[in-house]
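# Remarks on the overall topology
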Amino acid sequence: GAVVSQHPSWVICKSGTSVKIECRSLDFQATTMFWYRQFPKQSLMLMATSNEGSKATYEQGVEKDKFLINHASLTLSTLTVTSAHPEDSSFYICSAREMRLAGGAAKNIQYFGAGTRLSVL
Amino acid sequence: KNEVEQSPQNLTAQEGEFITINCSYSVGISALHWLQQHPGGGIVSLFMLSSGKKKHGRLIATINIQEKHSSLHITASHPRDSAVYICAVRFGDTGNQFYFGTGTSLTVIP
């Protein structure tokens, strides 16, 4: 079945550095990808919606200059945490949407990546 | 307001017990996922449902569209089932965005 690959699964970085997280759809084309963040013991929260070839749409309270999203191809979206600080330490998850024709109807199916744990020292 | 509620929040079970985790939501949905999050954080998608029932090994997921309710069942539970189980719902009126329950933390004791 369709799989979303997220890399890396775990990253530790120094405060002030930038970290890039990749989200790939492995056997389907994803025109839309979503980035979520999860703080300890909390639910996942949507950060931004990424559409291939256009600018990402950010949720209220999410700094677009800090969390740079690039969706340059139909199988890859990247999230770059710029000038990371300890408060950015979190679990970041992507999901990718596949639009598929099934039985004559368009089906909207989303798949989740395994997530990336970011620890900023 | 779109809401997703899960119960229980925490669950401890003896190995071998039958486990049920519930998810209720407020408005009509287009899709519901059950996710498993391991202690290290990694997420595994267990089921994707829009109607009926699905089974995979010892896991069974059901959804009742009329009652706006889904359940995840684990038969013959095992310590390796210990994880946080999250219900994720895509509402029909919003289309794209998933809303997540707060999760159920399951601990299975040998």
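Per-chain numbering applies: the sequence of each chain, read as written, is numbered from 1 onward. Ligands are numbered from 1 and chains lettered from A, in the order in which they are written. Only residues with pLDDT of at least 70 get local features here, since the model is predicted, and only at 80 or more are side-chain atom pairs given and counted; chain-wide, interface and lining totals rely on the full set of residues. Values reported for side chains reflect all heavy atoms of the structure, with hydrogen atoms and water molecules removed beforehand.

## Considerations on the layout of surface pockets
Both cavities and pockets are sets of points on a 1 Å grid over the protein atoms alone; in a cavity a 1.4 Å probe fits but cannot get out, in a pocket the set is open with protein on both sides within 12 Å along at least five of seven lines, and lining residues sit with an atom within 4 Å of a point. Grid points are joined across faces, edges and corners, and a volume is the space filled by probe spheres set on the points. Counted as a void, the largest pocket has a volume near 520 Å³. Lining the largest pocket are 22 residues, with Q38, P40 and K41 of chain A together with Q37 and V84 of chain B sitting closest to its centre. Each helix is a run of DSSP H or I of at least 4 residues and each strand a run of E of at least 2, with the numbering of both proceeding from the N terminus. Those elements that place two or more of their residues in the lining of the largest pocket are strand 9 (90–102) of chain A together with strand 9 (83–91) and strand 11 (104–109) of chain B. Of the residues contributing to the lining of the largest pocket, the split by class is seven nonpolar, 13 polar and two charged. As a working rule, the residues Ala, Val, Leu, Ile, Met, Phe, Trp, Tyr, Cys and Pro are called nonpolar, Asp, Glu, Lys and Arg charged, and the rest polar, with Gly in that last group.

## A look at the pattern of salt bridges
Residue and element names in this part refer to chain A. The term salt bridge refers to a side-chain nitrogen of Lys or Arg lying within 4 Å of a carboxyl oxygen of Asp or Glu. One pass over the full model with this rule turns up three salt bridges over all chains. D88 serves as the salt-bridge partner of K66, at 2.9 Å between the closest nitrogen and oxygen. Separated by 22 residues along the polypeptide, K66 in the loop between strand 6 (57–58) and strand 7 (67–73) and D88 in the loop between strand 8 (76–81) and strand 9 bring together distant segments of the chain. By relative accessible area, K66 is classed as buried at 12%. Think of it in three bands: residues with accessible area under 20% of the maximum for their type are buried, residues over 50% are exposed, and the middle band is partly exposed, with areas taken using a 1.4 Å probe on protein chains only.

## Notes on the sheet that holds strand 1 (residues 4–7) of chain A
Residue and element names in this part refer to chain A. For two strands to count as paired, DSSP must find a minimum of two bridges between them. Taken in spatial order, the four strands make up an open sheet running 1-3-8-7, and their pairing is antiparallel. Strands with a single pairing partner mark the edges of an open sheet, and in this sheet they are strand 1 and strand 7. Averaged over all pairs of adjacent strands, the angle between strand axes in this sheet comes to 15°, irrespective of strand direction. Taken together, the five bridges between strand 7 and strand 8 define a ladder with antiparallel strand orientation. In the strand pairing of strand 8, I69 is matched with L79. Lines fitted to the C-alpha atoms define the axes, with helices restricted to the stretch that makes contact. Angles between their N-to-C directions range from 0 to 180 degrees.

## Topic: the interface of chain B and chain A
Listed as interface residues are 18 residues of chain B and, on the opposing side, 18 residues of chain A. Once two parts are brought into contact, the accessible area they lose, counted with a 1.4 Å probe and summed over both, makes up the buried area. Both faces considered, chain B and chain A share a buried interface measuring about 1400 Å² in area, 56% of it formed by carbon and sulfur atoms. At the junction of chain B and chain A, the tally comes to zero salt bridges. Polar contacts here mean pairs of N or O atoms no more than 3.5 Å apart (in protein, one a potential hydrogen donor and the other a potential acceptor; neighbouring residues in sequence count only if both atoms are side-chain atoms). Our count for the contact surface shared by chain B and chain A stands at five residue pairs in polar contact (both at pLDDT 80 or more). Sorting the residues of the side of chain B that touches chain A by element identifies strand 4 (29–37), strand 5 (43–49), strand 9 and strand 10 (98–100) of chain B as the ones contributing at least two each. Here the residues of the side of chain B that touches chain A are counted per class, giving seven nonpolar, 10 polar and one charged. The contact rule is simple, with two residues in contact once any of their heavy atoms fall within 4.5 Å.

## Here we look at the sheet that holds strand 7 (residues 59–64) of chain B
All names here are of chain B. Across the sheet, five strands lie side by side as 1-3-8-7-6; this open sheet has antiparallel pairing. In this open sheet, the two strands that pair with only one neighbour each are strand 1 (4–7) and strand 6 (52–56). Each strand axis lies, on average, 15° off the axis of its neighbour in the sheet, ignoring direction. Here five bridges tie strand 6 to strand 7, and the two strands are oriented antiparallel to one another. Counterpart to K53 in the pairing with strand 7 is T62.

## Let's talk about the nonpolar core
The nonpolar side chains of soluble globular proteins are, as a tendency, buried together. By convention a nonpolar core is built from buried Ala, Val, Leu, Ile, Met, Phe, Trp, Tyr and Cys residues, the set being connected through side-chain atoms within 4.5 Å. By size, the foremost hydrophobic cluster in this structure holds 26 residues, and its most contacted members are V4, W35, F67, L79, Y92 and L118 of chain A. Ranked by size, the runner-up nonpolar core spans 24 residues in total, among them I19, I63, I74 and Y85 of chain B.

## Some words on the side chain of S77 of chain B
All names here are of chain B. Considering the arrangement of structural elements, one finds S77 in the loop between strand 8 (69–74) and strand 9. One polar contact links the side chain of S77 to the main-chain carbonyl oxygen of E17, over a distance of 2.8 Å. Residues contacting S77, with those up to four places away along its chain left out, are Q14, E15, G16, E17, I19, R58 and V108.

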